[in-house]
Amino acid sequence: MSSPAMAGRQSVTHGSPASQSKASPGSATRAASMPGRNQTAASRATGPTSNAEMLTVRGQKGATIASSATKSSTPLIETAQSVTVVTRNEMDIRGVLTLNQAVRYAAGITPDLRGGVGTRYDLFQLRGFTIPEFLDGLRLQDSPTGYAIAQIDTSRLDRLEILKGPASALYGQSSPGGLVALSSKLPTDRASYGSVNATGGMFDLYRVDADMGGYATRDGSIRYRLYGTINGQHTQLVRTGSRRFSISPSVTFGGNGPDTFTLLGNYQYDPEAGTYGGVPLEGSLKPAPFGGYLPRNFYDGDARFEKFNRKHGGITYIYNHRFNSDWNFSTRGRYDDIKTQYRSVYDAGYWDADGMLPRYGFGTTEHTRNLAFDSNVHGKLRTGPLTHMIMAGFDYQQQWANETAGQSAAPDLNVFAPDYDMGIDPLETYARYKVNSHQIGVYGQDEIHWGGLVLTGSIRNDWFRSRQIEYYSASNSKQSPSQITWRAGGLYHFKFGLAPYISYATSFQPQTGVVLETSGATHQANPSIGKQLEGGLKYQLPGTPILLTAAGFHIEQTNVLVSIPNTIYNTQQGLVHSDGFEFEAHIDSWHNLMVEAAVSVQRVHDDSTGKPLIQSGRGNASLFGFYTIPKGRFKSLGLGAGMRYSASAYGGEASYGSVKVPQYALFDASLRYDLANVSKSLKGWTVGASVRNLFDKNYVTNCLAYASYGQEFCYYGERRNAQGTIGFAW
């Protein structure tokens, strides 16, 4: 039986109920302070050989500069690929608590695949594909079976970047859809700073976030920062809740000198994280056989049996050496240790009798230990009129993982008189895995500037090795693929702000599965291959943070596994393609106004089924604006409102045919006020509030239906959720 616990996490086979995985590319880098990259857009426009004075900006990068596409800080107007930046300021204004919430206003996102319930993992799609995450330039490696996976609390982030399309040329194994690059709060060049924020809200939300840092020495050669949070909340289901404790200390040696060395530690403990189940399609998307719909707070589990416990410890180093004004070297590495204990009771996705819901128990204990390193050299060369921004690098990733999984019977639940303490049979172990894997990659990139013309070429070779042992079935499988991936792009930046561009990029993604050839021979599956052609226009109003982007894309993913009915084998002729158009407009704090607008239309098709890729949506649209009153009686009062629309999505095949999840539109609102305008004695104090799904719309975000297995699940969206914050900063 397919477990809904695994749906959306584990990538195995198209056309089967086996769940889909978040792919893992290599590493996206936090902005490196590279001479020649810190210039303002105006100074760069004068050309790379200009004598214009270079302006070095210390502090936070704006929303018009990103590092994920090139592994160095580059203005988006000169990046021949789509990138969406979500700043710390935007997350604070919108009251973002999870990565799922942070990406909702970006074009191309199919959000909240598990609705408002499955929040223990970050579950969304980009351009029709699940995508990997990176933290501080290094991959957050998924577990082989999809349970011991990190979830980074967004309050410890300085910013995030959504890089769209294949990125294996710099990052190795990855999804054709793109990646999300997260950047931690690190020590800054300020003698002393800090903040404490207390938040309360609906469903008994409580949060206390503290952040402080400064100089540890008088000259600032040693700097520190300490962030921590304690938070918790009941979920929108009865009998379930979540809690989190996290602390992240960091220290930087070297100040503003040519050598800097940063150590960042993190420990996060999630003693509980809600539940992960859905509700039957008949009873949510459609009426149940006995008539009517299940309420949005319906819980299908067992309160005494339910458990999710995650412990995540990690330590990161980042070292940068500046040789001169043109060349620098950067290296970073991280060790993560993640342990998860998990068990739950799930409904089977169908009905036995009027109001009686069949259920089963599932649980796992998983432990992963992950190593990741990335080192590269950046430099500038001039050949006649051309300026080359050269980069060459090497990265290495390794993972040790083990898991023990079990299942049990569970009594049917009477939905008219639910009993959440019925006694569940002990789990019976059915699988015990051990997986070791490592990846080595070498890459190079040349970014050529000639006046307004920017040409970028990247190439990489990866060697991936993996061995999986399953002790109960005595299976021992290995795979050792290698792959060359590349990217090429061209862009011309006109002086009046327009920049047309075109790019081509490839990706590869190792797969778990056994392929049966026509000769009768079997072998471990080869990686799936992705490729994208993208073209578009960007326009940045000179001297302003107003950026408009429009892009069209065509993505193909080949070598996709297709299950052979009634066997454990697959063929590997599957083809998935995604075609679409996206538009985004960003105004980042200009004349007291912030605006985020996005529109996307996409078609994602799986040729092996003749249907869209399961859970993929047809596009989205959103608009969020926030205005701060600059003077007068209400000076510093900020008011914001947003609308986000998700087009219909494909939820699989149910007993009645294809599942179409209806479109929906939701509204959000926020406000913020600086209390110093009430009294000078309140300097540093602020209050804020935000609400998601303002009108409490009842909607289904997505479904997973497998008619051949008789399982049809859907997921209710997040209910109205309001919160208020009071904070003090110095």
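Residues numbered from 1 in each chain as written. Predicted model: local features only at pLDDT ≥ 70, side-chain atom pairs only at ≥ 80, totals over all residues. Heavy atoms only, no water.

Asker: Go over the packing of aromatic side chains, please, and point to the residues and values.
Answerer: Summed over all chains, the structure comprises 21 aromatic pairs. Judged by centre distance (6.3 Å) and plane angle (20 degrees), the ring pair of Phe 261 and Tyr 317 falls under stacked. Of the two residues, Phe 261 is situated in strand S15 (residues 259-273) and Tyr 317 in strand S17 (residues 307-322); the sequence distance between them amounts to 56 residues. You can call Phe 261 partly exposed: its relative accessible area is 30%. (Phe/Tyr/Trp six-rings, centres within 6.5 Å; stacked < 30°, edge-to-face > 60°. Helix = DSSP H or I, 4+ residues; strand = E, 2+ residues; numbered from the N terminus. Buried < 20%, exposed > 50% of the residue type's maximum accessible area, 1.4 Å probe, protein only.)

Asker: I'd like a rundown of the pattern of salt bridges, residues and numbers included.
Answerer: Going through the model one piece at a time under the given rule, you end up with 29 salt bridges. Here Asp 112 ties to Arg 104 by a salt bridge, and the two come within 3.2 Å at their closest N and O atoms. Residue Asp 112 shares its accessibility class with Arg 104, and that shared class is buried. Arg 334 is paired through a salt bridge with Asp 336; the nearest N and O atoms lie 2.8 Å apart. Exposure remark for Asp 336: the relative accessible area of 5% places this residue in the buried category. Three or more residues joined by partner-sharing salt bridges are found here, namely Asp 153, Arg 207, Asp 209, Arg 244, Asp 270 and Arg 310. (Salt bridge = Lys/Arg side-chain N within 4 Å of Asp/Glu carboxyl O.)

Asker: So what's going on with the pairing of strand S12 (residues 205-215)? Residues and values would help.
Answerer: Moving residue by residue along a regular strand, the side chains alternate between the two faces of the sheet. Sheet analysis places strand S11 (residues 192-201) next to S12, joined by ten bridges and oriented antiparallel. Bridged to Asn 197 within S12 is Asp 209. As consecutive antiparallel partners, S11 and S12 are separated by three residues, and within that stretch Phe 203 has a phi angle of approximately 55 degrees, a positive value. The pairing of S12 with strand S13 (residues 222-234) spans ten bridges and is antiparallel. Considered in S13, the bridge of Ala 210 is made with Gly 228. In sequence, S12 turns back onto S13 through a hairpin of six residues, with Gly 220 there showing a positive phi of about 75 degrees. (Pairing = 2+ DSSP bridges.)

Asker: Tell me about the state of the cysteines, residues and numbers included.
Answerer: In protein chemistry, a disulfide is the covalent bond that joins the sulfur atoms of two cysteines. For the structure on display, the rule yields one disulfide. Note on cysteine connectivity: Cys 703 is disulfide-linked to Cys 714, with sulfurs 2.1 Å apart. Residues Cys 703 and Cys 714 are joined by a disulfide whose S-S torsion is about 100 degrees; by sign, that bridge is right-handed. Of this pair, Cys 703 sits in strand S39 (residues 700-706) while Cys 714 sits in strand S40 (residues 711-716), and the two are eleven residues apart along the sequence. (Disulfide = S-S within 2.5 Å.)

Asker: Any details on the side chain of Thr 252? Residues and values, ideally.
Answerer: Position of Thr 252 among the secondary structure elements: in strand S14 (residues 241-253). Here the side chain of Thr 252 touches Thr 262 through a polar contact of 2.8 Å, side chain to side chain. (Polar contact = N/O pair within 3.5 Å; in protein donor to acceptor, adjacent residues only side chain to side chain.)

Asker: Outline the sheet that holds strand S6 (residues 129-130), listing residues and values.
Answerer: Across the sheet, three strands lie side by side as S4-S5-S6; this open sheet has antiparallel pairing. Only two strands of the sheet have a single neighbouring strand rather than two, namely strand S4 (109-110) and S6. Bridge count for strand S5 (residues 125-126) against S6 is two bridges, and the pairing is antiparallel. Residue Gln 125 lies in a different strand from S6, and its bridge partner there is Thr 130.

Asker: Can you lay out the sheet that holds strand S9 (residues 157-164) for me, pointing to particular residues and giving the numbers?
Answerer: In space, the five strands of this open sheet follow the order S3-S9-S10-S7-S8, with mixed pairing throughout. Single-partner strands in this sheet number two, and they are strand S3 (83-87) and strand S8 (138-139). When strand S7 (residues 133-135) meets strand S10 (residues 178-184), the two strands line up parallel, connected through three bridges. Its bridge partner being in S10, Phe 134 is matched across the sheet by Ala 181.

The quantities given are spatial measurements derived from coordinates; they are silent on function.
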